[in-house]
Amino acid sequence: MTLQQLLSDLAPLAVSQSEGPVHSQICSIQYSPQFTLLMNTFRGVLAADNGEGELSARTHAFVAHVIEANAANYTAWHFRRRTLRAGFGCATSPSLLPPPPPPLSTTTNNNTANLPPDTIIQELEFTEEVGGTNPKNYQVWYHRRAVISMHLPSSDMILSELFYIDSVLEEDAKNYHAWSHRQWLVNDYTASCLESGVDLIKHEYETVEKLLALDWRNNSGWNHRWFLWNLNNDNDNDNLVVFEREAEYAKTVILADKHNESPFKYLRGVMSKLWAMVGGEGDELGEQIKSWVIDLRLNSTKSNDTNMPPPPSGAGPTESIHVLSLLCDISEHEGDSENVKSLCDELKLLDEVRVKYWEWRKQFE
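Here's what I pulled together on the structure shown here. Quick caveat, the model's predicted, so the values are computed rather than measured.

Below, the discussion takes up helix H15 (residues 321-334). If you check H15, its first and last C-alpha atoms are 20 Å apart, about what 14 residues at 1.5 Å a residue would give, namely 20 Å. With 10 of its 14 residues buried, H15 lies for the most part within the structure. Within the span of H15, buried status applies to His-322, Val-323, Leu-324, Ser-325, Leu-326, Leu-327, Cys-328, Asp-329, Ile-330 and Ser-331. Close packing links the buried residues of H15 with helix H13 (261-276), helix H14 (283-298), helix H16 (337-350) and helix H17 (355-362). Positive phi shows up at Gly-335, right after H15, with a value of about 80 degrees.

Below you can see the structure in the form of structure tokens.
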């Protein structure tokens with residue numbers, strides 16, 4: 001059965017010609033006849049049922065073809081979610097249409113419906129197929145989120161989704177959409193997974209350490225580690241053992257390459273949290289970190305750890321901009337204006353790209 005036969009009773013609806021015939025337009029897009037017919041038919045589907053759109057098994061199957069023709073068509077993705085919520089899932093091929101099921105009960109949340117797990121899994125598989133060639137498509141990632149939200153997912157389903165994200169990150173470890181989707185999963189489902197005996201926080205720490213070991217300059221990985229720490233803030237905010245653990249992790253990476261800005265920024269974040277602690281509880285650890293940074297500047301930072309990746313070409317025992325920058329922040333926090341000015345003068349010589357910034361910062365001391 002062809003698409004036209006499947007929807008033979010619905011009249012295709014062409015684009016409005018209110019701006020004149022297509023042939024008279026200065027720069028009309030030369031769509032293929034097949035694509036034009038597909039989109040005209042889709043407009044006919046949307047106009048059916050007095051403009052509400054026909055929600056059925058056949059239109060659920062049909063819109064899959066619209067998405068495959070243009071995966072960025074957010075109207076098509078939105079319509080597919082409408083057919084899912086109406087109970088017409090698991091139909092992607094017009095020749096394999098199931099009989100129309102009764103509509104599913106929905107909650108007041110438009111993104112939520114009591115979808116069976118099998119339907120969700122099949123829809124995620126469809127989305128994965130489309131996303132394979134569109135790994136940075138907003139619509140694909142949002143659709144996965146919306147589909148998962150249509151059912152209270154099990155811990156197995158959440159882990160499966162995290163493994164899918166792992167596969168995407170293997171291709172591009174800095175895919176913003178994948179990391180954003182990952183953080184949404186962890187943020188929304190950590191509690192429910194823990195009730196099932198699955199510790200997502202522990203799982204994510206292990207995962208992000210593996211990814212960072214492959215590339216210590218992966219800022220997305222550092223951001224995710226910071227996210228995990230802050231997500232667990234109620235338990236970790238006043239736990240100095242956790243502060244020390246995070247500081248040691250950053251210091252270990254710094255010793256591998258003192259010209260890598262990422263771990264320095266992370267260590268700066270650790271110190272910011274220590275400075276904000278009430279009653280000066282973090283002062284001792286803060287002093288230890290400060291002494292370590294000073295020693296780092298004075299001594300060689302070449303690492304003997306064979307498990308660390310080699311530093312980039314050009315990274316050697318020369319002065320590190322990031323060491324001086326962190327010392328500048330520490331001195332500023334302590335109110336040592338003279339040291340801040342001195343460090344800014346040194347940074348002006350080393351950090352040629354940001355000379356104006358260091359001049360600007362110096363004048364406020």
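Turning to helix H8 (residues 176-195), a few remarks are in order. Its 20 residues give H8 an end-to-end C-alpha distance of 29 Å, which sits within 8% of 28 Å, the value for a rise of 1.5 Å per residue. In the structure, H8 departs most strongly from a straight axis at Tyr-189, where the bend amounts to approximately 60 degrees. Turning to H8, its buried residues are His-177, Ala-178, Trp-179, His-181, Arg-182, Gln-183, Trp-184, Leu-185, Val-186, Tyr-189, Thr-190 and Cys-193. In the core, the buried residues of H8 are packed alongside helix H6 (138-148), helix H7 (155-171), helix H9 (200-214) and helix H10 (219-231).

Counted according to the given criterion, the structure contains 15 aromatic pairs. On the numbers, 5.9 Å between centres and 45 degrees between planes, the contact of Trp-141 with Tyr-164 is tilted. Taken together, the residues span a long stretch of sequence, with Trp-141 in helix H6 and Tyr-164 in helix H7 at a distance of 23 residues. Centroid distance Tyr-357 to Trp-358: 4.7 Å. Interplanar angle 70 degrees. Geometry classified as edge-to-face. Look at Tyr-357 and you get partly exposed, because its relative accessible area is 32%. Its relative accessible area of 0% is what places Trp-358 among the buried residues. Every member of this aromatic cluster is reached through a ring pair, and the members are Trp-216, Trp-222, Trp-226, Trp-229, Phe-243, Tyr-249 and Tyr-266. The side chain of Arg-225 reaches across the aromatic face of Tyr-249, ending 3.8 Å from its centre. Arg-245 extends its terminal NZ or CZ atom over the ring of Tyr-205, reaching a point 5.0 Å from the ring centre.

How each quantity is defined
Residues numbered from 1 in each chain as written. Predicted model: local features only at pLDDT ≥ 70, side-chain atom pairs only at ≥ 80, totals over all residues. Heavy atoms only, no water. Helix = DSSP H or I, 4+ residues; strand = E, 2+ residues; numbered from the N terminus. Expected span 1.5 Å × (residues − 1). Buried < 20%, exposed > 50% of the residue type's maximum accessible area, 1.4 Å probe, protein only. Contact = heavy atoms within 4.5 Å. Bend = angle between axes of the 7 residues up to and from the residue. Phe/Tyr/Trp six-rings, centres within 6.5 Å; stacked < 30°, edge-to-face > 60°. Lys NZ or Arg CZ within 6 Å of the ring centre and 35° of its normal.

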